[in-house]
Amino acid sequence: MPLEAVMTALPQVVTPKESLAHARSLMDEHGIHHLPVVENGRLRGMVREHDLAFLETRPGVDPEKVSVADAMTANVYAVAPDCPLGEVFGTMADHRYDAVVVVEGGDVIGIVTTVDAMRVLAGLLGASTGDLAPSQVRERIQADHQRLLGLLDQIDAVARRVLDGDEDAEPRLRQWAKDLYGFLQAHLYLENEILVPALADTPGFGNERAEALRQEHREQGAVFERVLGRLARTALAEPLATELKELSRSLRDDIAREEREFLGADLLRDDVMPSDTFGG
Ligand SMILES: [Fe+2]
Ligand SMILES: [Fe+2]
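Residues numbered from 1 in each chain as written. Chains lettered and ligands numbered in written order. Predicted model: local features only at pLDDT ≥ 70, side-chain atom pairs only at ≥ 80, totals over all residues. Heavy atoms only, no water.

## Quick word on the packing of aromatic side chains
Applicable threshold: Note on ring pairs: Phe, Tyr and Trp rings are taken, using the six-membered ring of Trp, and paired if centres are within 6.5 Å. Classes follow the plane angle, with under 30 degrees stacked, over 60 edge-to-face and the rest tilted. Comment: elements are numbered from the N terminus, with helices defined as DSSP H or I runs of at least four residues and strands as E runs of at least two. Using a 1.4 Å probe on the protein chains alone, a residue whose accessible area is under 20% of its type maximum counts as buried, one over 50% counts as exposed, and one in between counts as partly exposed.
Taken as a whole and judged by the stated rule, the model has one aromatic pair. Ring geometry for Y77 and Y97: centres 5.2 Å apart, planes at 25°, overall stacked. Here Y77, found in the loop between α3 (49-56) and β4 (78-79), pairs with Y97, found in the loop between α4 (85-95) and β5 (99-104); they are 20 residues apart in sequence, far enough to count as distant. By relative accessible area, which is 13% here, Y77 ends up buried. Using a relative accessible area of 26% as the deciding quantity, one classes Y97 as partly exposed.

## Comments concerning the coordination of the iron ion (ligand 1)
Quick note on the threshold: In this description, a donor is an N, O or S atom within 2.8 Å of the metal centre, a cutoff extended to 3.2 Å for sodium, potassium and calcium. Water is not part of the atom list, which can make sites seem incomplete.
At this site the iron ion (ligand 1) is bound by E191 (OE), H217 (NE2) and E258 (OE), with donor distances of 1.9 to 2.2 Å. A spacing of 3.1 Å is found between the iron ion (ligand 1) and the iron ion (ligand 2), which share E191 as a donor. Of this pair, E191 sits in helix α7 (residues 169-200) while E258 sits in helix α9 (residues 237-262), and the two are 67 residues apart along the sequence.

## So, the pattern of salt bridges
Selection criterion: In the sections that follow, a salt bridge refers to a side-chain nitrogen of Lys or Arg positioned within 4 Å of a carboxyl oxygen of Asp or Glu.
For the structure on display, the rule yields 19 salt bridges. Ionic pairing is found between R161 and D166, a salt bridge with its closest N-O pair at 3.0 Å. Classification of D166 by relative accessible area gives partly exposed; the value is 25%.

## Overview of the coordination of the iron ion (ligand 2)
Counted only if it meets this: Working rule for geometry: tetrahedral if four donors all subtend angles between 85 and 135 degrees; square planar for four, octahedral for six, if opposite donors exceed 155 degrees and the others stay between 65 and 115; irregular in every other situation.
Donor atoms from the polypeptide that bind the iron ion (ligand 2) are H145 (NE2), H187 (NE2), E191 (OE) and E258 (OE), placed at 2.0 to 2.2 Å. Considering all four donor atoms around the iron ion (ligand 2), angles at the metal cover 80 to 163° and the coordination shape is irregular. Mapping the donors of the iron ion (ligand 2) onto the primary sequence yields the spacing H-x41-H-x3-E-x66-E.

## Describing the environment of T91
The cut-off we apply is this: Residues are treated as being in contact if the distance between any of their heavy atoms lies within 4.5 Å.
Note on placement: T91 falls in helix α4. For T91 and Y77, which are 14 residues apart along the polypeptide, the C-alpha to C-alpha distance reads 8.9 Å. If we skip the residues at most four places from it in the chain, T91 touches Y77, R96 and Y97.

## Considerations on unusual backbone geometry
Phi is positive for N40, close to 50°, though the residue is something other than glycine. Tracing the backbone through its elements, the reader meets N40 in the loop between β2 (34-39) and β3 (42-48). With a phi close to 55°, R96 is a non-glycine residue in the positive phi region. Within the secondary structure, R96 is located in the loop between α4 and β5.

## A few points about the confidence of the model for the chain
Selection rule: Per-residue confidence from the predictor is given as pLDDT, running between 0 and 100.
Scored by pLDDT, the chain comes out at a mean of 86, with 94% of its residues at no less than 70. Of the regions scoring below 50 in pLDDT, residues 276-280 engages in two contacts with residues more than four places distant in sequence or in other chains.

## Some words on the sheet that holds strand β6 (residues 107-113)
This is how the line gets drawn: Two strands are counted as paired when DSSP detects at least two bridges linking them.
Pairing is mixed across the open sheet formed by four strands, whose spatial order is β1-β6-β5-β4. The open sheet has two free edges, formed respectively by β1 (8-9) and β4, since each of these has just one partner strand.

## Structural notes on helix α2 (residues 20-30)
By the burial criterion, the buried members of α2 are L20, A21, A23, R24, L26 and M27. A positive phi of about 60° marks G31, the residue just after α2.

The structure is reproduced here in structure tokens:
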């Protein structure tokens, strides 16, 4: 299993100068406990929910005025996306790290916490994500789609800069293309793991629906590989930008169609008994 299939891609980040109150609102809004601290595009540290909780209760501390720099840990475990998962989890256990930041070319591209490690373990032990209720499956896939759309927004913006003749934007665009590939692989993996089984349990043609999605993913996987492989070999910035914009558009269409056909609230319902529980 690749690290990218486990991590939360494009996590929320803060800068050292931002306030504790801002960090707190990000954590509350997104239901998270860790924020990588980034300055000028470089990872500077990590701030945790319990660091905030500790400072917030100290007398005389105004969370609006105290900055993240005063709460963060500068020493943070960071790995490249191709680092083997076993090595990452082993180091986390040995050093009692509760999170690892995934960094590529200096950019923070993901975060893996002990909760993610537990999810992998649950999957290995068979208590897998298959135990998620249909509505939870829908929420997780929709959240992943939102992250993917955020990544596509960034790609579109950088592609536009390249097409406007901004040479500095080119390395950035190549980086985004690589990130997109990793993200898509992880996304297909997640959908095959949790959405395909949930669809198989939907009433009326559940298995056909699950097989249709699985087949679509096989085809998409091949397309991504081909397009992104071609992009990696494209020496010219402009065709790269044009092709990425094109890919971004078709991915947006795919997401919209998938949400319509496979993620409807009327389809993935918690009150419907999977047909196989009737025992024939
Ligand atoms: Fe999909
Ligand atoms: Fe999807």
